[in-house]
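Structure assessment
If you want the building blocks of each chain, they are given just below.
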Amino acid sequence: PNPANTSVTISLKSNLSGNTNYTLYDLRGRVIVEKEDTTSMVRLNTENLVEGVYLLSIKNGNDKTTKKIIIKR
């Protein structure tokens, strides 16, 4: 769900090529969480993050997208 509370689940299309990199940034551009995975569904733990807006960068091969994540308690 977005806004999220304790975790964010990302589900991608199934035709991935190799590893997918997930990077969560705060609005100052600081890296908060980095994860690399080969599956099409990943869960990021957000229970230690303060309320606010974050940016999630998802990169697989030449494909890259950025999504806004809202953490609310």
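Residues numbered from 1 in each chain as written. Predicted model: local features only at pLDDT ≥ 70, side-chain atom pairs only at ≥ 80, totals over all residues. Heavy atoms only, no water.

To continue, consider the overall build of the protein. Across its full length, the protein holds 0 helices and 6 strands. In summary, the protein has a C-alpha radius of gyration of 12 Å against a globular reference of 11 Å for 73 residues, a match within 12%. Each principal axis of the C-alpha atoms in the protein carries an extent, and together these give about 35 × 20 × 15 Å. Per-residue burial for the protein yields a buried fraction of 29% across its 73 residues. (Helix = DSSP H or I, 4+ residues; strand = E, 2+ residues; numbered from the N terminus. Rg over C-alpha atoms; globule rule 2.2 N^0.38 Å. Buried < 20%, exposed > 50% of the residue type's maximum accessible area, 1.4 Å probe, protein only.)

Attention now goes to the nonpolar core. The biggest cluster of nonpolar side chains holds 13 residues, and the ones touching the most others in it are Ile10, Tyr22, Leu24, Tyr54, Leu56, Ile69 and Ile71. Of all the elements in the fold, those that place two or more residues in this core are strand 1 (7–11), strand 2 (20–26), strand 4 (41–45), strand 5 (52–60) and strand 6 (63–71). With residues up to four places along the chain from it excluded, the contact list for Ile10 reads Tyr22, Ser40, Met41, Val42, Leu44, Leu56 and Ile58. (Core = buried A, V, L, I, M, F, W, Y, C linked by side-chain atoms within 4.5 Å. Contact = heavy atoms within 4.5 Å.)

With that settled, the discussion passes to the sheet that holds strand 5. Read across the open sheet, the 4 strands follow the order 3-2-5-6; overall the sheet is antiparallel. Strands at the two margins of the open sheet, each flanked by one partner only, are strand 3 (31–37) and strand 6. For this sheet the average axis-to-axis angle between neighbouring strands, irrespective of direction, equals 15°. In this sheet, strand 5 lies alongside strand 2 in antiparallel orientation, the contact comprising 7 bridges. Of the residues in strand 5, the one forming a bridge with Tyr25 is Leu55. (Pairing = 2+ DSSP bridges. Axes fitted to C-alpha atoms, helices over the stretch in contact; angles between N-to-C directions.)

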